[in-house]
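Working through the structure, step by step
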Amino acid sequence: MPTIAAAKPYPYDFPLRHTALVMIDMQRDFIEPGGFGAALGNDVSRLGVIVPTVARLLGLWRKAGLPLIHTRESHKPDLSDCPPAKLTRGNASLRIGDPGPMGRILVQGEPGNDFVPDLVALPDELVIDKPGKGAFYATSLQDELKARGITHLLFGGVTTEVCVQTSMREANDRGYECLLVEDATESYFPEFKAAAIEMIRAQGAIVGWTATTDEVAAALA
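First things first, this report covers the structure right here in the doc.

Further remarks concern the pattern of salt bridges. Oppositely charged side chains may form a pair once their charged atoms are brought near each other. Taken as a whole and judged by the stated rule, the model has 13 salt bridges. Among the ionic pairs, glutamate 186 bridges to arginine 46, the shortest N-O distance being 3.2 Å. Placement of the pair is glutamate 186 in strand 9 (residues 177-186) and arginine 46 in helix 3 (residues 45-48), with a sequence separation of 140 residues. One salt bridge in this structure joins glutamate 73 and lysine 133, with 3.1 Å as the shortest N-O distance. Of this pair, glutamate 73 sits in strand 4 (residues 68-73) while lysine 133 sits in the loop between strand 7 (126-130) and helix 6 (141-147), placing them 60 residues apart in sequence.

What follows is about the nonpolar core. Ranked by size, the top nonpolar core spans 41 residues in total, and within it Ile4, Met26 and Leu179 carry the most contacts. When contributions to this core are tallied by element, the ones reaching two or more residues are strand 3 (19-24), helix 1 (28-31), helix 2 (36-39), helix 4 (51-63), strand 8 (152-158), strand 9, strand 10 (209-211) and helix 9 (213-220). Setting aside chain neighbours within four positions, we find isoleucine 4 in contact with Pro11, Tyr12, Phe14, Leu179, Ala211, Glu215, Val216 and Ala219. Ranked by size, the runner-up nonpolar core spans 23 residues in total, among them Ala20, Ile128, Met168 and Ala171.

It is worth spelling out the sheet that holds strand 8 at this point. Pairing in this open sheet of six strands is parallel, and the strands run 7-4-3-8-9-10 from one edge to the other. Since the sheet does not close on itself, it has two edges, and those belong to strand 7 and strand 10, each with one partner. The mean inter-strand angle of the sheet, taken between neighbouring strand axes irrespective of direction, is 25°. Contacting strand 9 and strand 10, helix 8 (residues 190-205) crosses the sheet at an angle of about 160° to strand 9. Helix 9 rests against strand 8, strand 9 and strand 10 of the sheet, and its axis sits at about 130° to strand 9.

Turning our eyes to something else, we now look at the packing of aromatic side chains. If you walk through the whole model with that rule in mind, you get five aromatic pairs. Here tyrosine 12 and phenylalanine 14 contribute two aromatic rings whose centre-to-centre distance is 5.9 Å and whose plane-to-plane angle is 20°, an arrangement assigned as stacked. With relative accessibility at 1%, the residue tyrosine 12 sits in the buried group. Here the aromatic rings of phenylalanine 189 and phenylalanine 192 are separated by 4.8 Å at their centres, their planes lie at 45°, and the arrangement is tilted. The structure contains a cluster of three or more aromatic residues connected by ring pairs, namely Tyr10, Tyr12, Phe14 and Trp209.

Spanning 14 residues, helix 7 (residues 160-173) covers 18 Å between terminal C-alpha atoms, matching the ideal 20 Å at 1.5 Å per step. Of all the positions in helix 7, only Thr160, Glu161, Cys163, Val164, Gln165, Ser167, Met168, Glu170 and Ala171 are classed as buried. One or two positions beyond helix 7, positive phi appears at glycine 175, with a value near 95°.

Right, let's get into the side chain of glutamine 165. Assignment of secondary structure puts glutamine 165 in helix 7. With residues near it in sequence (within four places) discarded, glutamine 165 still touches Thr159, Thr160, Ala196, Met199 and Ile200.

The rules behind these values
- Residues numbered from 1 in each chain as written.
- Predicted model: local features only at pLDDT ≥ 70, side-chain atom pairs only at ≥ 80, totals over all residues.
- Heavy atoms only, no water.
- Salt bridge = Lys/Arg side-chain N within 4 Å of Asp/Glu carboxyl O.
- Helix = DSSP H or I, 4+ residues; strand = E, 2+ residues; numbered from the N terminus.
- Core = buried A, V, L, I, M, F, W, Y, C linked by side-chain atoms within 4.5 Å.
- Buried < 20%, exposed > 50% of the residue type's maximum accessible area, 1.4 Å probe, protein only.
- Contact = heavy atoms within 4.5 Å.
- Pairing = 2+ DSSP bridges.
- Axes fitted to C-alpha atoms, helices over the stretch in contact; angles between N-to-C directions.
- Phe/Tyr/Trp six-rings, centres within 6.5 Å; stacked < 30°, edge-to-face > 60°.
- Expected span 1.5 Å × (residues − 1).

See the structure below:
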């Protein structure tokens, strides 16, 4: 069983054939100018800088032949799966469902809702469309993981303190052993990312472990 010896707060062991990488919401709507992230007033370039690292991590995982799961925060065209509070919250110039430079914001099938070009899911990789922040809420993810015999999950994606951390906490409550790949995740707010990482690995990995892409690569070598 591989071990990420440098993981924090202590080494992380993971059985290869029972471990999946979950990449959260690496979508144009969050990462490129003109999407929902920018409409909320955020500097989206902060998220764009991790794209090469995420691409490297995906490549490592694919080379090892291990299960890879991508999520998209997305809604049906009629927005019937979007809670009213989510639809109206915030002071955005564009809201969910509004027409934007890349199509309707966070709506399934629109160009902005797809993954950034360098991180597109391959045909045999599982894509989970999620209406909430967490990857398990109102999705088939739990059933998909059970069907594949998955017990351990590595996470990356955006944003660290919202969709990524929410998904990790959901997974932790369901009994999965989770690790966050620190340099394959990012936030619009650096202090939020730092705090989320500390919360995840606090009190002996209360939510999970953290490690870098280099450390994951060393364990897979």
